[in-house]
Amino acid sequence: DIFKTQSNIAIRECAIVDEASVGKLSLTVPDESSGLATLGGTDLSKQYDHVHTYDVRASTLATEVEGFSVKSAYIKIDVEGFEANIIESAKTLINRERPIVGFEALSNEAALHCARLFNDYVFYCARFGFLENGGALSRSIPGIIKALIFGARIEVLKLQNVEDSNLNNFSQIYSVPREKAEAFEKSILTYASANPI
């Protein structure tokens, strides 16, 4: 509903999946939080009192963007641990068109698996001071007080070598084509100086 009036946004009512999952899937959504929704696999009815299930069309990223240029696009992937599947499925498109791709990785192994799918990309890690391990908002009283007093600190770190990185709980990784990295860094610095946190 938020985007329906925006003429430059095309809404596709489908789930983006890998080639093996194309077709129709069941989307299970707990009433408590749509952010915990899942496509098959996990039986959320054992964890939550009220869940709804919807049949959804499932397609690949390459199919859904066919006819559009994604050279200047930012692609956001947050699919609860299946990021590598989506990136693997779209790697030909990604490496040919060279968009910036953001993905979540909750472990160094997940980050490394995804990073290996990109050709000549630079990686940046965004870490949010108000999140706990696993990417959840801080629920501890000290964590909440710290966030309120010191603000919602966000760090963007350039990962010199993802292979040697031992960071965990990447809130977001930005995969930036090497030829766009300098402009990306300047944009972050410009934004940070105009919007201090």
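Note that the coordinates shown come from a computational prediction; the quantities given were computed from them, not determined experimentally. (Residues numbered from 1 in each chain as written. Predicted model: local features only at pLDDT ≥ 70, side-chain atom pairs only at ≥ 80, totals over all residues. Heavy atoms only, no water.)

A. Broad picture of the packing of aromatic side chains. Tallied over the full model, the rule gives six aromatic pairs. Ring geometry for Tyr-74 against Tyr-174: centres 6.3 Å apart, planes inclined by 40°, an arrangement best described as tilted. Here Tyr-74 is found in strand β5 (residues 74-77), whereas its partner Tyr-174 is found in strand β9 (residues 170-177), with 100 residues between them in sequence. Through a chain of ring-to-ring contacts, the aromatic side chains of Tyr-74, Tyr-124, Tyr-174 and Phe-184 assemble into a single cluster. (Phe/Tyr/Trp six-rings, centres within 6.5 Å; stacked < 30°, edge-to-face > 60°. Helix = DSSP H or I, 4+ residues; strand = E, 2+ residues; numbered from the N terminus.)

B. Focus on the pattern of salt bridges. Under the counting rule described, the total for this entry stands at nine salt bridges. It is possible to trace a salt-bridge network through shared partners that takes in Arg-12, Arg-57 and Glu-64. (Salt bridge = Lys/Arg side-chain N within 4 Å of Asp/Glu carboxyl O.)

C. Quick peek at the sheet that holds strand β1 (residues 15-16). An order of β1-β4-β2-β3 is seen for the four strands of this open sheet, with the pairing classed as mixed. Edge positions in the sheet fall to β1 and β3 (38-39), since each of these pairs with one other strand and no more. Looking at chain direction, β1 and strand β4 (residues 51-59) are connected through two bridges and run parallel. Within β4, the position partnered with Ala-15 by the bridge is Ala-58. (Pairing = 2+ DSSP bridges.)

D. Just unusual backbone geometry, in detail. Even without glycine at this site, Arg-98 takes up a positive phi of about 65°. With respect to the helices, strands and loops of the structure, Arg-98 is situated in the loop between α2 (83-97) and β6 (100-105). With a relative accessible area of 13%, Arg-98 lands in the buried category. Even without a glycine there, the phi angle at Asp-120 is positive, about 60°. Mapped onto the elements of the fold, Asp-120 is located in the loop between α3 (108-115) and β7 (121-128). Look at Asp-120 and you get partly exposed, because its relative accessible area is 45%. (Buried < 20%, exposed > 50% of the residue type's maximum accessible area, 1.4 Å probe, protein only.)

E. Representation of the pairing of strand β2 (residues 23-30) in the model. Relative to β4, β2 runs antiparallel, the two sharing eight bridges. The residue of β4 that forms the bridge with Lys-24 is Arg-57.

F. Up close: the nonpolar core. Ile-77, Ile-87, Ile-94, Phe-103, Phe-118 and Phe-123 are the most contacted members of the largest nonpolar core, which has 24 residues in total. Listed by contribution, the elements that provide at least two residues to this core are β5, α2, β6, α3 and β7. (Core = buried A, V, L, I, M, F, W, Y, C linked by side-chain atoms within 4.5 Å.)

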